[in-house]
Amino acid sequence: MTYIPISPKERDAMLKTVGVKSLDDLFEAIPAKHRFPKLDLPPALTEMEAAAHLADMASSNENVREHLISFLGAGAYHHYVPSVVDHMLRRGEFFTAYTPYQPEISQGTLQAIFEYQSLMTNLTGMEVSNASHYDGATATAEAVNLAFAQFRGKRKKVVMSPTVHPQYREVIRTYSQGMGIEEAGDNSNVDLEAGPESLMALVDEQTMLVVVQYPDFFGRIYDYTKLIDDAHAKGALVCIVANPTALLMLKTPASMGADIVVGEAQPFGIPLWYGGPYLGFFTTKKSYVHKMAGRLIGETVDARGQRSYVLTLTAREQHIKRERATSNICTNQGLLALCASVYMSTLGKTGLQQVANLCYQKAHYAASELSKIDGFGLCFSEPFFHEFVLCCPKPASEVNQYLLDNGILGGYDLGKDYPSLANYLLVAVTEMNSKDEIDTLVEILKEME
Amino acid sequence: MATIVEPTIFELSSPGRLGVTMPASDVPEVALPPKDLLRSELPLPELAEVDVVRHYTKLSKFNYSVDDGFYPLGSCTMKYNPKINEDTCRLPGYLFTHPLQPVETVQGNLALMFELQDWLKEISGFAGVTLQPAAGAHGEFTGVLMMAAYHKLRGDTKRTKMLIPDAAHGTNPASVGMLGYSVVTIPSDSRGNVDLKALEAACDGTVVGMMLTNPNTLGMFDENIEKVIALVHKCGGLMYGDGANLNALLGIVRPGDLGFDVMHFNLHKTFSVPHGGGGPGSGPVGVSQHLVDFLPSPLVGIIEEGDDDTAPLYGFISPKNSIGRMKAFHGHFGGGLVRAYTYIAMHGPDGLKAISQYAVLNANYLQARLRDTYHIPYDRICMHEFVMEGQFAGSDIRALDIAKRLMDYKFHPPTNYFPLIVHEALMIEPTETENKDTLDRFADALIKIAEEAKTQPDLVKNAPSTTPFGRMDEVKAARELVLCCWLPENYEEMV
Amino acid sequence: MNTPSNLKYTKSDEWFDPSTGAVGITDYAQGQLSDIVFVELLVDEGEEVTAGKAIASVESVKASAEIYAPAAGKVSAVNKGLSDKPEILNSDPFGEGWMIKIEGGSAGDVMDAAAYVTYCEGRAH
């Protein structure tokens, strides 16, 4: 079926007004030999058939609500999403509108994103937030762009901790391949004993940006204050990639002195959705706002004296600054920024604190019980939030296969990214994991041959 | 003090008010991390569920959307977003699958992605497609990275210039800027085509390629497209197609057949993924055979062939000379790919062609109805959109005023002041999902506004007057830079 | 439009004071840009510049522009206060709105005030 609301009679009247005989006559500018190709695609489905077909395909997946008990995180987390969130997102006024270029008739989107910016600055402690990026990885790459622009290309080195999400580091490498940037610290040989300050050996007067993760990819919580002080002494900026759920409990990156705080806000109301779309948040200090990519909403008044909101500092962006812009980004993740805002408002301060506390408590219960199993153990002693590394008596890939055979989606196999950690499993626990589920995991692992 | 029409969620907050709460913990309690690792306060709003619902419902009513009415925003393809897509993309099998699950457990997702890659190839005439890019601009960046990698692998290191027509979207030069290339602007000729002489003069051994939107932002299909592509190829450059305007070409012509080497799709324009107030989009990229090895990693492929009895096993593959990863995980699966898949499946080959036929008919119909009232600088059969001047001889009414006045007639204004090569541009893209009555009402409104510009210019200059908000003070916003709000200062003492 | 007669002008709308070496944007340029909200100087004191080199980046509510050195020489001073009050470029482009001073430099392709006025009039459509 199609969604074309024009009857044959109307079509003929319109063709007459245009002055052509048939629809095909409208396409004479197109080279005749390539005009009207036969497309080899399946025949059209009705809505009823499409709904059934898509449901069939979806049901051939094993999902973490109906089929599998999941302890998998590593950058995408299974959290509870209050019912209100999707009800608000499904309002056509929000999801069928475009970028709020006409503020008189877009105040809904504009105020919602202004509130999103405010929620993110209050969460991270930073001074400004943009209207969002594609995801946590690209937000991190945009932090590199900011630093590059801030130093006007005079500093060209990025120091990345090896415990920043491997895919995020990969994206930074892709993004920066035309910029002549040197990347240091970005390797798969990770020394689990080395603290964050060991990164300083790589930081010099050429360093524009240091990137660390909080909690790090292995779940460890570090206070980066000393590292940031030392990096600042070398003139470098510091970007912290933060998990927003952890920020509900932990001291803010701003209080450690971070210059840029980015991350993946998927945990705030966005479904796992097989990896996207998610929500990259980007916050920084006011002094860097002109080098920040992405859309930005500011408060103002309208001609009637009413408080209102507009896209502001747009001359930074690609449609005006073209090849001199910090980034080519145009689209943000508007609807998902709304999603995060509704999630945070609905749970509110108390509900959010409960989520963070449940994640922390359950992860610690799981860690404690798992480490009691013969052959298993925790491989670091630093404080952690809701993710931790479990040492296994055999390769993590084999442990995961065994768990999967028993209906459990195990943790993330760290050997995929760090060859020396083939027996290490990154385990994530959220409020969605009941004590029963954790006990089941422990019981099944106890029985592993 | 400004009047507050709707307080922010921070202003609506009240200490101790509860919304959705979480169950009590079912595990033995352990101590929190040391105090110096904890935050001392969490200054976030406290509201009840009903407060939240009323707040966002009220905000939604300040928006104008496709569901509200006609939204002819040029180059944005604001077509109707089918409601069935909202249901299919929320099926539990899609919502609750983790991106790092073993491929054996997500064959439904991978089959959908594999098939969508194939469909997009067939629609566009390309040999390979990546679904990873998150939006059109992200796809452009992906494409330009592949062009750079192609030249680099051939040892062709002298190429540093990208040719871009003067009518191009700003994302084109900005994508090029991210690679440190320089931009050479190619003018348009009097029929709205690429100026062939200027193009020929710019083509040499330093050219990376050309980025061309076709139909371009004037809504014109380049009448010399094959010559343009031949000139770029002759000097060793690659041809990038900006797929922003693909809604004019479905089943009409395949960019790959014309000789384009790379093109991004905007699933949120052509394939009905809703625009979401500015995103998320989805920007897959198609490439011709000689660029397939450079596609981002990973792609969805068949890792174990099937036979008559068993389905193939889908998984991830890495192209040989891949530019790398563009984002975490696999693209905008749920919000982008599932909706686009549903849409294409429901249209089939004939339905897709009808989309473009009617998108073009609607644009030409509006152009014909407005031709006598507004000056159309490039006046020939247009594709899915056209550009007219929003100004009149002897009047100081500008395109901006006309755009604002349209709001009083309950229409979303067209794109204005773009493309830059038309003075006071109004760029109108009706899409195929509007009926004749709507188009007539819109044309009538524009004709009436042209009349008002003569008889009641102040009415037009002060528009809109019937919307909940009037024109904004953009200078104040940029000078004062109030970019976020907080809980009130005496919040804890509030009752 | 104000065009002091003691200054030299470029086609890209910078002014240059041969007696002091000061450089800025013209009244015409600030009018075209409209409300300027951001200025960033791209050169430091002591740096050598060639005529035509980008020395500053300016953004208004609606537009952005690069500002180029009208003369070659050594940057002897930069107007550090400018970034805190970019609106000065609108209100006093030839005075408080100076951007940098170029010492011992030779002017590039510049014209006098009368020629610049003619040039600007030629651009109005």
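One can find the structure itself at the top, above this paragraph.
From a predicted model like this one, the values you see are computed outputs, not experimental measurements.

**Q** Could you give an account of the overall build of chain C, naming the residues involved and the relevant values?
**A** The helix and strand tally for chain C stands at three helices and nine strands. Put simply, chain C runs from its N terminus to its C terminus through helices and strands in the order β-β-β-α-β-β-β-β-β-α-β-α. Radius of gyration (C-alpha) of chain C: 13 Å, near the 14 Å computed for a compact globule of 125 residues. Each of the three principal axes of chain C carries a C-alpha extent, and together these read 40 × 30 × 20 Å. Taking all 125 residues of chain C together, the buried fraction comes to 50%.

**Q** Describe helix α2 (residues 47-59) of chain A, with residues and values.
**A** When the terminal C-alpha atoms of α2(A) are compared, their 18 Å separation across 13 residues agrees well with the 18 Å that a helix rising 1.5 Å per residue should span. Those residues of α2(A) that fall on the buried side of the exposure criterion are A50(A), L54(A), M57(A) and A58(A). For α2(A), the angular spread of the buried residues around the axis is 100°, confining them to a single face. With respect to the buried face of α2(A), the exposed residues turned more than 90 degrees away are M48(A), D56(A) and S59(A). The inward-facing, buried residues of α2(A) contact α3 (83-88), α4 (92-95), α5 (107-124) and α11 (333-370) of chain B.

**Q** Please give an account of the interface of chain A and chain C that cites residues and values.
**A** Across the contact, 11 residues belong to chain A and 17 residues belong to chain C. Of the roughly 1000 Å² buried at the junction of chain A and chain C (both faces included), carbon and sulfur atoms supply 42%. Of all residues in chain A, the largest losses of buried area upon contact with chain C belong to R152(A), H290(A) and R324(A), amounting jointly to 47% of the total for that side. At the surface where chain A touches chain C, the tally comes to five residue pairs in polar contact (both at pLDDT 80 or more). In terms of residue class, the side of chain A that touches chain C is made up of three nonpolar, two polar and six charged.

**Q** Describe the side chain of K404(B), listing the residues and the values that go with them.
**A** Within the secondary structure layout, K404(B) lies in helix α12 (residues 399-408). Sequence-distant contacts of K404(B), that is, excluding residues within four places in its chain, are made with Q102(A), P103(A), E104(A), A463(B), P464(B) and R471(B).

**Q** Before we move on, can you summarise the interface of chain B and chain A with the specific residues and values?
**A** Counting from both sides, the interface comprises 208 residues of chain B and, opposite them, 190 residues of chain A. Across the chain B-chain A interface, the total number found is nine salt bridges. Two residues, R90(B) and D86(A), come together in a salt bridge whose shortest N-O distance is 2.9 Å. Counting the contacts that link chain B with chain A gives 91 residue pairs in polar contact (both at pLDDT 80 or more). Of the residues in the side of chain B that touches chain A, the class split is 113 nonpolar, 58 polar and 37 charged.

**Q** Lay out the pattern of salt bridges with the relevant residues and their values.
**A** Tallied over the full model, the rule gives 55 salt bridges over all chains. Note that K226(A) is salt-bridged to D230(A), the shortest N-O span being 2.7 Å. Of the two residues, K226(A) and D230(A) both sit in helix α8 (residues 225-233), four residues apart, roughly one turn of that helix. In the salt-bridge network here, residues are joined through shared partners; they are D86(A), R90(A), E86(B), D87(B), R90(B) and R339(B).

**Q** Provide a residue-level description of the environment of A311(B), including the pertinent values.
**A** Residue and element names in this part refer to chain B. Among the structural elements, A311 can be located in the loop between β8 (299-304) and β9 (313-317). Since its relative accessible area comes to 64%, A311 is described here as exposed. Residues A311 and A111, 200 residues apart in the sequence, show an inter-C-alpha distance of 9.8 Å.

**Q** Pulling in residues and values, what's your account of the sheet that holds strand β4 (residues 207-213) of chain B?
**A** Pairing between the strands of a sheet comes from backbone hydrogen bonds, and it takes one of two forms, parallel or antiparallel. Residues and elements named next belong to chain B. Read from one edge to the other, the open sheet built from seven strands follows the order β1-β7-β6-β5-β4-β2-β3, with strand pairing classed as mixed. The sheet is open, and its two edges are formed by β1 (128-130) and β3 (182-186), each paired on a single side. Within the sheet, the average angular offset between the axes of one strand and its neighbour, ignoring direction, is 25°. By the bridge criterion, three bridges tie strand β6 (residues 262-265) to strand β7 (residues 285-287) in an arrangement that is antiparallel. Residue pairing in the sheet places V262 in a bridge with V287 of β7. Where α5 meets the sheet, it contacts β1 and β6, and its direction lies at approximately 125° from that of β1. Helix α6 (residues 136-153) contacts β2 (161-165), β4, β5 (238-243), β6 and β7 of the sheet and is inclined by roughly 175° relative to β5.

**Q** Could you give an account of the packing of aromatic side chains, with specific residues and numbers?
**A** Tallied over the full model, the rule gives 29 aromatic pairs over all chains. Between the aromatic rings of Y374(B) and F392(B), the centroid separation amounts to 5.3 Å while the plane-to-plane angle is 55°, which identifies the pairing as tilted. Taken together, the residues Y374(B) in the loop between α11 and β10 (386-389) and F392(B) in the loop between β10 and α12 connect sequence positions 18 residues apart. With respect to burial, Y374(B) and F392(B) carry one shared label: buried. A network of ring pairs unites the aromatic residues F217(A), F218(A), Y412(A) and Y418(A) as a single cluster. The side chain of R220(A) reaches across the aromatic face of F380(A), ending 5.6 Å from its centre. Over the ring of F36(A) we find K353(B), and its NZ or CZ is 4.2 Å from the ring centre.

Rules used in this analysis
- Residues numbered from 1 in each chain as written.
- Chains lettered and ligands numbered in written order.
- Predicted model: local features only at pLDDT ≥ 70, side-chain atom pairs only at ≥ 80, totals over all residues.
- Heavy atoms only, no water.
- Helix = DSSP H or I, 4+ residues; strand = E, 2+ residues; numbered from the N terminus.
- Rg over C-alpha atoms; globule rule 2.2 N^0.38 Å.
- Buried < 20%, exposed > 50% of the residue type's maximum accessible area, 1.4 Å probe, protein only.
- Expected span 1.5 Å × (residues − 1).
- Arc of directions from axis to C-beta.
- Contact = heavy atoms within 4.5 Å.
- Buried area = accessible area lost by both parts, 1.4 Å probe.
- Polar contact = N/O pair within 3.5 Å; in protein donor to acceptor, adjacent residues only side chain to side chain.
- Nonpolar A, V, L, I, M, F, W, Y, C, P; charged D, E, K, R; others polar.
- Salt bridge = Lys/Arg side-chain N within 4 Å of Asp/Glu carboxyl O.
- Pairing = 2+ DSSP bridges.
- Axes fitted to C-alpha atoms, helices over the stretch in contact; angles between N-to-C directions.
- Phe/Tyr/Trp six-rings, centres within 6.5 Å; stacked < 30°, edge-to-face > 60°.
- Lys NZ or Arg CZ within 6 Å of the ring centre and 35° of its normal.

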